[in-house]
Amino acid sequence: MALTVLVHAPNAERLATYAELLPGLLPGARLLFTQTRDEAAAHIHEAEVVFSWKLPADLFAQASRLRWVQAMGAGVEDLVAAPLPKGCLLTRVEGLFGSYMSEYAFLHMLAHAQRLPAIYANAAQKRWAPCTIGKLGGKRLGVAGSGSIGMEVIRKAKAFDMEVWSLVRTARSVTGADRVFTMDQAGEFAAGVDYLVSVLPLTPATIGLIDPLALKQGAVLINMGRGATIDERRLLAAVREGRIEAVLDVFATEPLPEEHPFWSTPGITVTPHLSGPSVPAEVADYFAANFRRFVAAEPLVGLVDRQRGY
Ligand code: GLV
């Protein structure tokens, strides 16, 4: 019997791309494509496998035949909290976003060190104003989170001759890290670094874990994980008092509301959650490889530990 796979994506273009790609990648599967809540609600009871982005979590209560959910992204806080049937497997995308996200982190660290915004501003006004640029070499980078994305940031940091501190959930050695801190040492970790790059997932243990007011004077905070891992009011205070600068790709509320002070605070760069793009061709291949494992009853890649939260 063909497995019934429900594919859900709210973005029409993305969904259309999946509808083109998946039939060739999953021969024999019965594919259902849904874009809206109503469409998903009409079909979820049929699904044995769900492949989704932002499928309204409460609908999983009706998914009585469901055996496996493959998320289209890396962060799965919504699915961890969803009423999945007992024994249903949950996998996330692991290993696809590291190159994009590490390049985003280095783009912004290098722009800061080499004073790129000031140089662009001068050039726009035809102003010949040489300034003293800095470098990343010899600076201390803190990487919060050490999954595949954090590890790629660390690997590249070593190529830039940075000292690397790593913040992890449970004590262990981390390849490339000069020092490793556990979550109870998050304050000491934050206070010691020149650049702090966070790729933390959102779990009960990481809410507000990074305290921007603990960072040292002149530090730069780059958040690519989840907005709520950093207290936004304290972040605003730390930037407003001139202690730190911040580059934020993720926010407690997305899209970031137009009236949010982050947009207009000097020292804060806002980007619209783009550092780790979910590229359908890449994610479809990842899903197809996992699908073959699922059919063969082999262990899946990117398996989420729902207790741990990611
Ligand atoms: C994006 O934020 C993702 O979780 O993949």
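The coordinates are above.
Quick look at the structure, then. (Residues numbered from 1 in each chain as written. Predicted model: local features only at pLDDT ≥ 70, side-chain atom pairs only at ≥ 80, totals over all residues. Heavy atoms only, no water.)

### A closer look at the nonpolar core
In summary, soluble globular proteins display a tendency toward joint burial of nonpolar side chains.
Here is step 1 of the chain: Judged by nonpolar contacts, the single largest core of 49 residues is most densely connected at Met-109, Leu-141, Met-224, Phe-287 and Phe-291.
Here is step 2 of the chain: Here this core gathers at least three residues from each of two domains, domain 1 (4-95 + 278-295) and domain 2 (98-270).
Here is step 3 of the chain: Beyond its immediate sequence surroundings of up to four residues, Phe-287 is in contact with Val-5, Leu-22, Leu-26, Val-49, Phe-51, Trp-68 and Gln-70.
Here is step 4 of the chain: In this structure, Leu-235, Leu-236, Ala-246 and Leu-248 belong to the second largest nonpolar core, which totals 29 residues. (Core = buried A, V, L, I, M, F, W, Y, C linked by side-chain atoms within 4.5 Å. Buried < 20%, exposed > 50% of the residue type's maximum accessible area, 1.4 Å probe, protein only. Domains from an automatic or database assignment. Contact = heavy atoms within 4.5 Å.)

### Here we look at the layout of surface pockets
Here is step 1 of the chain: Counted as a void, the second largest pocket has a volume near 280 Å³.
Here is step 2 of the chain: As for the second largest pocket, its lining consists of 14 residues, of which Ala-111, His-112, Pro-117, Glu-245 and Thr-269 are closest to the centre.
Here is step 3 of the chain: Listing elements by their share of the lining of the second largest pocket, those giving two or more residues are helix H4 (98-113), helix H5 (116-124) and strand E11 (244-248).
Here is step 4 of the chain: With 4 residues, H4 is the single largest residue contributor to the lining of the second largest pocket.
Here is step 5 of the chain: Tallied by class, the residues present in the lining of the second largest pocket amount to 8 nonpolar, 4 polar and 2 charged. (1 Å grid on protein atoms, 1.4 Å probe; cavity = no way out; pocket = protein on both sides within 12 Å on 5 of 7 lines; lining within 4 Å. Points joined across faces, edges and corners; volume = space filled by probe spheres on them. Helix = DSSP H or I, 4+ residues; strand = E, 2+ residues; numbered from the N terminus. Nonpolar A, V, L, I, M, F, W, Y, C, P; charged D, E, K, R; others polar.)

### Here's the deal with the pairing of strand E10 (residues 219-223)
Here is step 1 of the chain: Along E10, 5 of the 5 residues are buried, which leaves the element largely enclosed by surrounding structure.
Here is step 2 of the chain: Here E10 shows no split at all, with Ala-219, Leu-221 and Asn-223 on one side and Val-220 and Ile-222 on the other all buried.
Here is step 3 of the chain: Alignment of strand E9 (residues 195-198) against E10, held across 4 bridges, turns out to be parallel. Within the sheet, the bridge partner assigned to Tyr-195 lies in E10 and is Val-220.
Here is step 4 of the chain: In this sheet, E11 lies alongside E10 in parallel orientation, the contact comprising 5 bridges. (Pairing = 2+ DSSP bridges.)

### Concerning the sheet that holds strand E12 (residues 268-270)
Here is step 1 of the chain: Ordered by their spatial adjacency, 7 strands build an open sheet running E8-E7-E6-E9-E10-E11-E12, and the pairing between neighbours is parallel. The sheet terminates laterally at strand E8 (179-182) and E12, the two strands that pair on one side only. Within this sheet the neighbouring strands show an average axis-to-axis angle of 15 degrees, counted without direction.
Here is step 2 of the chain: Bridge count between strand E6 (residues 140-144) and E9: 4 bridges; the pairing is parallel. Bridge pairing links Gly-142 to Leu-196 in E9. (Axes fitted to C-alpha atoms, helices over the stretch in contact; angles between N-to-C directions.)

### Description of the environment of Ala-228
Here is step 1 of the chain: One can find Ala-228 in the loop between E10 and helix H8 (232-240).
Here is step 2 of the chain: Sequence separation between Ala-228 and Arg-67 is 161 residues, and the spatial gap between their C-alpha atoms is 30 Å.
Here is step 3 of the chain: With near-sequence residues (within four places) excluded, Ala-228 lies in contact with Leu-202, Thr-206, Ile-207, Gly-208 and Ala-252.

### A closer look at the packing of H4 against helix H6 (residues 148-159)
Here is step 1 of the chain: Contact pair H4 / H6: the axes reach a minimum separation of 8 Å and the direction vectors enclose 50 degrees. On the basis of the axis angle, H4 is oblique to H6. The two elements H4 and H6 cross, and the hand of that crossing is right-handed. Together, Gly-98, Ser-99, Met-101, Ser-102, Glu-103 and Phe-106 of H4 and Ile-149, Glu-152, Val-153, Lys-156 and Ala-157 of H6 make up the contact between the two elements.
Here is step 2 of the chain: Partitioning the contact of H4 with H6 into residue classes produces 5 nonpolar, 3 polar and 3 charged. (Parallel < 35°, antiparallel > 145°, perpendicular 65-115°, else oblique. Left-handed = near helix turned anticlockwise from the far one by under 90°.)

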